[in-house]
Amino acid sequence: MENGQWLNASKLREEIVGHRKDLLGTEHPETLSAMGLLALTYGALGKWCEAERLKIDVLEATMKTLGSAHPNTTMAMGNLAATYNDLGRSNEAERLDVDVLETQKRTLGPKHLDTLRAMENLARTYSNLGRAEEAESLGVEVLEARSATLGPEHPNTLMAMGNLARTYSSLGRVKEAEELQVRVLDAQMKTLGPEHPDTIVAMGNLARTYSDIGRTQNAVVWEVKVLQALRKSLGQEHPDTIIAMGNLARTYSTNGKVKEAERLEIEVLEVLRKTLGSEHPNTIIAMGNLANTYSDLGMTKEAGILQVEVLEACRKTFKPEHPDTIMATANLARTYRSLGRGKDAEKLEVNVLELWMKILGPEDPRAIQAMSTHTIFNTYSDLGQAGEAERLEVKVLKAQTKALGLEHQDTLMTMANLARTYSSLGRATEAEKLEINVLELQTKALGPDHPVTLRAMANLACTYNALGKAKEAEKLEVQVLESRRKFLGSEHPHTLLAMGNLARTYSSLGRVKEAEKLEVVVLGAQMRSLGQEHPDTLMAMGNLAATYGDLGMAKEAETLEVDVLDALMKNLGPEHPDTIRAMGNLAATYHDLGRTKEAEELKAKVL
């Protein structure tokens, strides 16, 4: 149903609710049924606050007239819990889901289908709260019960298998997730055929897991199949088709195919604006995704324009404390920093910190774990408060190690964040110890070629360079580069990043000619894929110019540095830190060329 049809439905259902209240009273079952349908319509329109108010009224009336154990009451509780999850208030959803499950167990027994459905709902809420191990425990129980009573290939059993696979993914147990999802897909293909909606969902789930384990080319193959099947069966503007387009766009971005991602995301946004309107949550998400892609393409101004629109829509649609509103604020702050608007960025970053601390609280153990998945540490870093980031990260790491174990992916991510904070505080030796630990554990859990393992290698190599251990850094960077070439191709952004890192290490080892060869390759690839004015291209130009300087090739360095400065002046303005740094680099090259007057003129602008 399109947005206009939902709006028409909401007007009609509002009239029906009004008539039934007048004729039958506010607590009559038919009035409550009409209110439930209106709440469902509000949810489809993204009007979750209005849906919440109606669902509270329904629950209170049902509880009063039928009692807390009646099936209609437990259904109303479950419906309200789902809206709380939509609003980012999963703590409140948990309380309701627990009540529903206890009631179902008591009145229907632990194996009843409604009890198992209540378990699934609570497991989903636990996942939203980052409590994946509790979600796993429930998911295993549901799957075992459904397998025993319905058989291994029943649709409800396969749904439970898919839910458990997603939980395994969130726990970092991606091989187990993959095995379950392959089983689900094989069964769906066999019993339902390749174009059945449930088979298509299974294909999409398997594609997401392939993305999680770094097999993004496999993910693209399945996501293209999903999109083709949905376009054929449901049409271009169906919500499921739109979701599939968004998923494929994200995978394209991961694969470095950012222009392809941009084309899909523009298409998604146009359809959602047309069918749902600009303030619907799904439209807001699509705007944010396109803004991120614009940032990846170096189109920072365009990203900023969209992010302002996203933030305004979030403030209208959600409350200021909603996680999506906070995330939109943080994204806009980062873009303002990229544009050199430090004061505007700082105001937003302070707001982000205050909101997170208000919502999460500094001491609650669950809140401490939740902090690790949000932008709070990055915000402290952006504000130059690395010491405060360290204090929080140490706290989070202790809580996660106790609750999740040392080898859990969330624990390892926090460990890596803490290492980065130590580096920014000049404590590279402490960073090194943590990063060695992270790398060993990630290699054991995910294998040596997984993207997360390679990121850990690259981080440790960077720390080795900071400690003057360039030979150790070189060994790791060669391994990272070889793996990325093998799995991603020679021109993928991650491969080029690895090449640039190795080139810098070669320079520090005095192997400047080898550095030059790599940097020429990087610059050529960036020019082809991103264009001459993309920030990554400009960085590659600057790196090659510095290497030319080291080789005494000042004229070649000058040519590149002039291009860099012209592009930065045009895109960021004369007062941006990157522009000022480029002026200083060109001034130094003018000195090397004996053009003292031009050098002094540039230095004066820098000062």
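Residues numbered from 1 in each chain as written. Predicted model: local features only at pLDDT ≥ 70, side-chain atom pairs only at ≥ 80, totals over all residues. Heavy atoms only, no water.

Enquirer: Please clarify how the overall build of the protein should be interpreted in this entry.
Expert: Each helix and strand in the protein was counted, giving 30 helices and zero strands. Its C-alpha atoms give the protein a radius of gyration of 27 Å, within 12% of the compact-globule value 25 Å for 607 residues. Taken along the three principal axes of its C-alpha coordinates, the protein extends 95 × 50 × 45 Å. Taking all 607 residues of the protein together, 47% fall into the buried category. Of the roughly 29000 Å² that the protein leaves accessible, carbon and sulfur atoms contribute 54%. (Helix = DSSP H or I, 4+ residues; strand = E, 2+ residues; numbered from the N terminus. Rg over C-alpha atoms; globule rule 2.2 N^0.38 Å. Buried < 20%, exposed > 50% of the residue type's maximum accessible area, 1.4 Å probe, protein only. Areas by Shrake-Rupley, 256 points an atom, 1.4 Å probe, with all protein chains shown as cover.)

Enquirer: Looking at this structure, how should I read the confidence of the model for the protein?
Expert: Any residue range with low pLDDT should be treated as having predicted coordinates unsuitable for detailed reading. On average, residues of the protein score 86 in pLDDT, and 94% of them are at 70 or above. Within the model, pLDDT remains below 50 along residues 364–374, and this stretch shows 30 contacts once partners closer than five positions in the same chain are excluded. (pLDDT = per-residue confidence, 0-100. Contact = heavy atoms within 4.5 Å.)

Enquirer: Help me out: how do you make sense of the layout of surface pockets in this one?
Expert: Empty space among the atoms can be located by rolling a probe the size of a water molecule over them. Of the pockets and cavities examined, the second largest pocket occupies roughly 520 Å³. Among the secondary structure elements, those contributing two or more residues to the lining of the second largest pocket are α2 (29–44), α3 (48–66) and α4 (71–86). Grouping the amino acids of the lining of the second largest pocket by side-chain chemistry returns 10 nonpolar, eight polar and three charged. (1 Å grid on protein atoms, 1.4 Å probe; cavity = no way out; pocket = protein on both sides within 12 Å on 5 of 7 lines; lining within 4 Å. Points joined across faces, edges and corners; volume = space filled by probe spheres on them. Nonpolar A, V, L, I, M, F, W, Y, C, P; charged D, E, K, R; others polar.)

Enquirer: What's the story with the nonpolar core in this structure? I'm lost.
Expert: What tends to happen in soluble globular proteins is that the nonpolar side chains get buried as a cluster. Among the nonpolar cores identified, the biggest contains 91 residues, and Leu96, Leu138, Trp222 and Leu306 are the most heavily contacted of them. With residues near it in sequence (within four places) discarded, Leu138 still touches Leu101, Met119, Leu122, Ala123 and Tyr126. Listed in part, the 51 residues of the second largest apolar core include Tyr422, Ala456, Met457 and Ala599. (Core = buried A, V, L, I, M, F, W, Y, C linked by side-chain atoms within 4.5 Å.)

Enquirer: Would you mind showing me how to read the packing of α4 against helix α5 (residues 90–108) here?
Expert: A pair of packed helices is captured by two measures, namely the crossing angle of their axes and the spacing between those axes. Orientation of α4 relative to α5, taken along the N-to-C sense of each, is 155°, at an axis distance of 8 Å. Classified by the interaxial angle, the pair formed by α4 and α5 is roughly antiparallel. The crossing of α4 and α5 is left-handed. Contacts between α4 and α5 involve Thr74, Met77, Gly78, Leu80, Ala81, Tyr84 and Asn85 from the first element and Ser90, Glu92, Ala93, Leu96, Asp97, Asp99, Val100, Thr103 and Gln104 from the second. For the contact of α4 with α5, a count of residues per class yields seven nonpolar, six polar and three charged. (Axes fitted to C-alpha atoms, helices over the stretch in contact; angles between N-to-C directions. Parallel < 35°, antiparallel > 145°, perpendicular 65-115°, else oblique. Left-handed = near helix turned anticlockwise from the far one by under 90°.)

Enquirer: Is there a simple way to think about the packing of helix α21 (residues 409–424) against helix α22 (residues 428–446) in this case?
Expert: In contact at an axis separation of 8 Å, α21 and α22 are set at 155° when each is read in the N-to-C sense. Judged by the inter-axis angle, α21 sits roughly antiparallel to α22. Where α21 crosses over α22, the two elements pack in a sense that is left-handed. Each of Gln409, Leu412, Met415, Ala416, Leu418, Ala419, Tyr422 and Ser423 in α21 lies in contact with α22, whose residues at this interface are Ala428, Glu430, Ala431, Leu434, Glu435, Asn437, Val438, Leu441, Gln442, Ala445 and Leu446. Split by residue class, the contact of α21 with α22 holds 13 nonpolar, four polar and two charged.

Enquirer: Looking at this model, I keep getting lost on the pattern of salt bridges. Mind explaining?
Expert: Pairing is possible between side chains of opposite charge, provided their charged atoms come close. Taken as a whole and assessed by the stated rule, the structure comprises 28 salt bridges. The salt bridge involving Lys190 is made with Glu153; its shortest N-O contact spans 3.5 Å. Of this pair, Lys190 sits in helix α9 (residues 174–192) while Glu153 sits in the loop between α7 (132–150) and α8 (155–170), and the two are 37 residues apart along the sequence. The exposure class assigned to Lys190 is exposed, which follows from its relative accessible area of 64%. For Glu153, a relative accessible area of 37% puts it in the partly exposed group. Here Lys513 ties to Glu516 by a salt bridge, and the two come within 2.8 Å at their closest N and O atoms. Placement of the pair is Lys513 and Glu516 together in helix α26 (residues 512–530), with a separation of three residues, close to one helical turn. (Salt bridge = Lys/Arg side-chain N within 4 Å of Asp/Glu carboxyl O.)

Enquirer: Would you explain helix α15 (residues 300–317) in this entry?
Expert: Residue pairs spaced three or four apart in an α-helix point in one direction, given the helix's 3.6 residues per turn. With 18 residues, α15 extends 25 Å between its outermost C-alpha atoms, agreeing within 8% with the 26 Å of an ideal straight helix rising 1.5 Å per residue. Among the residues of α15, Thr300, Ala303, Gly304, Leu306, Gln307, Val310, Leu311, Ala313, Cys314 and Thr317 are the ones counted as buried. Along its buried surface, α15 packs onto α13 (258–275), α14 (281–296) and α16 (323–338). (Expected span 1.5 Å × (residues − 1).)

Enquirer: How should I be thinking about the environment of Gly151 in this particular structure?
Expert: For Gly151, the position within the fold is in the loop between α7 and α8. Dropping the residues within four chain positions of it, Gly151 is found in contact with Arg146 and Thr157.

Enquirer: How do you make sense of the environment of Leu311 when you look at a structure like this?
Expert: For Leu311, the location among the structural elements is in helix α15. Taking the relative accessible area as the measure of exposure, Leu311 reaches 4% and is therefore buried. Each C-alpha atom of the pair Leu311 and Leu332 lies 8.0 Å from the other, and the pair is 21 residues apart in sequence. Discounting residues that sit within four places of it in the chain, Leu311 has contacts with Thr325, Ala328, Thr329 and Leu332.

Enquirer: Could you clarify how one ought to interpret a positive patch on the surface in this entry?
Expert: Taken together, the side chains of Arg124, Arg166, Arg208 and Arg250 define a basic patch exposed on the protein surface. As for its placement among the helices and strands, Arg208 is situated in helix α10 (residues 197–212). A relative accessible area of 36% places Arg208 in the partly exposed class. (Patch = residues over 30% accessible without salt bridge, like charges linked within 9 Å, V, L, I, M, F, W, Y side chains within 5 Å. Lys, Arg positive; Asp, Glu negative; His and termini not counted. Charge placed at Lys NZ, Arg CZ, Asp CG, Glu CD.)

Enquirer: Help me understand the packing of aromatic side chains, please; the structure alone is not making it clear to me.
Expert: Two measures describe an aromatic ring pair: the distance that separates the ring centres and the angle between the ring planes. Counted under the stated rule, the structure contains zero aromatic pairs. One cation-aromatic arrangement involves Lys225 over Trp222; the distance from NZ or CZ to the ring centre is 4.4 Å. (Phe/Tyr/Trp six-rings, centres within 6.5 Å; stacked < 30°, edge-to-face > 60°. Lys NZ or Arg CZ within 6 Å of the ring centre and 35° of its normal.)

Enquirer: Which parts of the structure should I look at to understand the environment of Thr83?
Expert: Take Thr83: it is sitting in helix α4. By relative accessible area, which is 2% here, Thr83 ends up buried. Each C-alpha atom of the pair Thr83 and Gly67 lies 22 Å from the other, and the pair is 16 residues apart in sequence. Apart from the residues lying within four places of it in its own chain, the contact partners of Thr83 are Trp48, Ala51, Glu52 and Lys55.

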